Amino acid sequence: MVGMRYQGHRSSFFLLLIVWIVGLWGCDNERADTGGSDEVIFELQDSPVNSPLYSYADSLSLKAALASFQLEPGLRIELIAAEPLVIDPVAFAFDENRVLYVAENRGYPDPAEGGTPTRLGRIARLEDRDGDGKYDHRTEFVTGLTYPNGIMLWRGGVFVTCAPDIYYFKDTNGDGVADVKKVVLTGFNADKTAQIRASHPTLGLDGWVYLTGGLNGGSVTSPEHPTRAAVPFSSSDGRFHPDTFEFQTTGGRSQFGLAFDPFGRRFGTSNRHPLQHVVMEPWHLARNLNLVFNQSVHNVAKPEAEATVYPISNAVTTADFIPKLIGLSHKGTFTSACGPVLYYGTAMKSEHMGNAFICEPAQNLVQRQILTQEEVSFRAQRAYENREFLASTDSWFNPVFLAHGPEGALYLADMYRKVIDHPSYVPESARGGLDFESGKDRGRMYRIVSKDFSQAKLAGDQHRILESPIWDPVSLLGSSEEWERSIAHRLLLETSDSRLSSRISDLFYYSEQPESRARALWVLQSLGALDVDLLKAAFGDTNSGVREQAVILAGPLLDKHPELKQAVTAAVEDKEMRVRYLASLELGAKKDEEVIGVLARLAAVDGENLWVRNAVLSGIDGQVSEFLQAFRTYESPDRPAFPPMMQEIGALVGRSASLRDCRELLQDMLDSEGNIRWRMATVLGLLGGLEGRKIAPSDLGLAHALDNASLSEPELALRKRFVAQVAQLGLDESEALSARTAAASLLGYVPFDWVERELGQLLKPINPAEVQLAAVKSTARTGDPRGAALLLTADAWVAFTPRVKSAVISELVSRSGSVQQLLRAIADQVVAPAEIPSMVRQRLMGDALPTIREQAAALFHDLEGGGRMAVYEAYLHVLEHPADPVLGKEVFEKSCSSCHTYAGQGGQVGPDLTGVRNQPGDALLLHTLVPNYEVLPAYQAVSVQTRDGRTLAGWVAAETDQSITLRTAYGTDEAVLRSTIVSVQHSGLSLMPDGLEQTMTKDEVAHLIAYLKSGGVGS
């Protein structure tokens, strides 16, 4: 019964047979999957599809679609609208009268190879005229759109995202058709597929409308304000004010999914990242231009290979073929995560409150995850194993959007297509076998409620909540339903009636709903009526979510109301780390000695946490010395926060302080009797921070370049003793890995003669990979030709793992002095030309120095001669060879595991290959031998040249206006301040080297392909 299609009329007998078989299959399937756990009985989903005012012509197929569902027991799913009332729904919003506005993306997919966009997109206006919860009347609210993908209500109309524009539509004469039609923002990129565009306009507690960036970018302007400067952005999310249309970039890199919880915490999704929490905003990081940290999101749910799903359909998606080929084929894990909601309704069960629900249309299911707060963010885990919250045997079921709605139900949009993926992600040769058109006349919308839910049918206009005397906006703000609270919040912002302030204040003091108290604070702030005494009371709220709002709202008022400073300062001692974290962000905007002391105290307690550490550092620009002095008073051997904080402080000093101050800090660390671990971390940070500055070189390393006079014998002896201590710590196998890695990293800043023996020991394969990688970087950093020679001996090279080899290559080509030594090793056949990534080969072949350019051209001619497809054709026959996946596992570990993860093992440089077993063998062979055939944009290599002469290569892992982070070929992250960058070049190429066939036999190639198709035999 997998993959059934229901077209036209069927007999009642046939439907009953389907229902019976599907029901039995669901129960038997669950028994098989639970592995001895309690048996789960799935109820048959057979709720009525017709309503008194509307009967569907093909209600039989709609009943069959319901029968194909497996839903968490104790719940039921109900159809509320289907074709022809709704077609291709991708987003929706209910107004205060339960009128449903639906964005219909009927033209999807847009042309695969460019071309003229279609104008089939519409906004439908649906009404439930008899109040039974099912929609029975449709009006064409807007027609003629390209690819609308998001909708939000505002002032009687709707905002619609439809790149490159955001529209505002409104009906002013009551005929159900928009007569106000205008573009309020434009400039969102629409040059990529309709899958990756700005979407999900969502009203935040602060009254701004938040958007996903669609992993795209743009240069945004408002036709309503033509004199405003454009706001450029890359792949970040954004927000705009619904009345002024001011646009700003925000944290987050979401694709098609954005959701808030009732306390304003924002979450997003992208295909392989089911749920990400936006922890930090760019305006916080921008306060300290010398801070290289640029992350904004935390993966709340397990991403990529660990993001498991359990489909019950046999859907063949383009991911099974190859979407950009080895990038996205991951059946059994999320491939198209989208449309999340954090549920705070009451129509399901109490245990669903606060859970995340996430759509996975490519595999015909919705997953439920349970969130728990963890330090400053959250952790999510599947509600159960071996099954999903909602799944279908019908591969046309494509859930793409979830939202709250009337009666506290969970509402769902089903695009209902035969093929949901975009043809651009399918090789031309495979497109003919996929039907991208079927379903363009279909679409369904459902709601999910508890099994015992009863619809309170309202006659006539009584279902219009605002016309009932008990439902005024302030009362609604105190509701236990998130949908009603959000409706009330929006209406109160729209009316801006300050006369309601006293009632809203009373609501804050007397409501038992912390979610209502949180919204009351923000509504009062928007009305300009937030009383300081009330805000101070919020700091003492029993719910940490309300205390979070108090901190955030008090921050901008500290100058006007100094008495709030005491409350925010006290919040640094809150029992919840997230409240403490937010307090540090707000206090960081203040520049005074007392705040520095408070931040230092918090850093000593929570500085081991990445987010707290960088929140504190973001707020000490211009006060680093004062902060350092205050922080060092908390020195203690048992404070795990001390070394990482001191390393970051050292880096800030190195990047921003005078050379005199840098010398003093270095000398202080050498003279101090404190623990070697934090002193070492401080010096490492200091010298790393100095690395991007123009400092006259010294034969004695960067540390000595700081000195403005010759060192005395005692001073030199002191430094040598310090370095010896560091080196001994790096070699000590009983030391913590982080300390050993830091020690190995520091050895690169001193003369090679001092550490030659120790670096040689640290490079040996008996050491952990992280220590080896740090030793590679240090050996190259010394700039000594003997160091490069040490890395390129034949004995060392054959002993290096692929990951370490990648590190050696990256380090040697990043410094002009060692490039020729690498080329010589290639000429001497120590290093194979195929081990050098294509991007690096091409850069060297175009080098400004004729000697490098000519030697590289001679060495790489065969690989860069344009004949890679010929190699692929010549190797196709290996797919017919007898192959052993167990032997292929050995090949993978030797040649691929340094960059790629498969079956839970390997590196994280390139795409996770878990699940590529569903791809045809020739596709796997193609992208093994021709890695630049088609490269996912996220993995295209970038080359960055810095002011100190280094050239770094990798793909962009994170970026802000202040810094950029590259994921290198050997799996480390290199963060660089933009102020130290000379040039950035986007190659469009992969970091993966071509010519892998030169490193393995044809039989080994066959074994490797067999292993990749095995799903991880032997793993």
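Cut-offs and rules
- Residues numbered from 1 in each chain as written.
- Predicted model: local features only at pLDDT ≥ 70, side-chain atom pairs only at ≥ 80, totals over all residues.
- Heavy atoms only, no water.
- Core = buried A, V, L, I, M, F, W, Y, C linked by side-chain atoms within 4.5 Å.
- Buried < 20%, exposed > 50% of the residue type's maximum accessible area, 1.4 Å probe, protein only.
- Contact = heavy atoms within 4.5 Å.
- Helix = DSSP H or I, 4+ residues; strand = E, 2+ residues; numbered from the N terminus.
- Pairing = 2+ DSSP bridges.
- Axes fitted to C-alpha atoms, helices over the stretch in contact; angles between N-to-C directions.
- Phe/Tyr/Trp six-rings, centres within 6.5 Å; stacked < 30°, edge-to-face > 60°.
- Lys NZ or Arg CZ within 6 Å of the ring centre and 35° of its normal.

Draft legend 1. Up close: the nonpolar core. Formed by 213 residues in total, the largest nonpolar core has its most connected members in Phe 389 and Phe 627. Every residue in contact with Phe 627, bar those within four places of it in the chain, is listed here: Ile 596, Leu 599, Ala 600, Ala 603, Val 616, Ile 620, Met 645 and Ile 649. In this structure, Tyr 875, Val 878, Leu 929 and Met 1000 belong to the second largest nonpolar core, which totals 22 residues.

Draft legend 2. Molecular detail of the side chain of Asp 132. Tracing the backbone through its elements, the reader meets Asp 132 in the loop between β5 (121–127) and β6 (137–145). Using a relative accessible area of 14% as the deciding quantity, one classes Asp 132 as buried.

Draft legend 3. Region of the structure containing the sheet that holds strand β11 (residues 199–203). Strand order in the open sheet made by the four strands is β11-β12-β15-β16, with antiparallel pairing throughout. Looking at strand neighbours, the two that pair on one side only are β11 and β16 (247–249), the edges of this open sheet. In this sheet, neighbouring strand axes are inclined to one another by 25° on average, regardless of whether the strands run parallel or antiparallel. The pairing of strand β12 (residues 209–212) with strand β15 (residues 238–240) spans three bridges and is classified as antiparallel. By the bridge assignment for β15, Leu 211 is matched with Gly 238.

Draft legend 4. Summary view of the packing of aromatic side chains. Within the structure shown, the criterion is met by 28 aromatic pairs. Taking the centre distance of 5.8 Å and the plane angle of 55° together, the rings of Phe 892 and Tyr 1011 count as tilted. Residue Phe 892 is located in helix α32 (residues 885–895), and its partner Tyr 1011 is located in helix α34 (residues 1002–1014); the two are separated by 119 residues in the primary sequence. Comparing Phe 892 with Tyr 1011 shows no difference in burial state: the two are buried. In this structure an aromatic cluster arises from ring pairing among Phe 92, Phe 94, Tyr 135, Phe 401, Tyr 411 and Trp 483. A cation sits over an aromatic face here: Arg 239 above Trp 208, 4.2 Å from the ring centre. Directly above the ring of Tyr 875 sits Lys 1002, whose terminal nitrogen or CZ lies 4.9 Å from the centroid.

Draft legend 5. Just the pairing of strand β18 (residues 266–270), in detail. Where burial is concerned, most of β18 is hidden: five out of the five residues are buried. Side chains of β18 alternate between two faces, with Arg 266, Gly 268 and Ser 270 and Phe 267 and Thr 269 buried alike. The sheet contact formed by strand β17 (residues 258–260) and β18 spans three bridges and is antiparallel. From the neighbouring strand, Ala 259 faces β18, where its bridge partner is Phe 267. In this antiparallel pair of consecutive strands, β17 and β18, the connection spans five residues, and Gly 264 shows a positive phi of 80°. For β18 and strand β19 (residues 273–278), the ladder comprises three bridges, and the chain directions are antiparallel. When the bridges of β19 are listed, Ser 270 appears paired with His 273.

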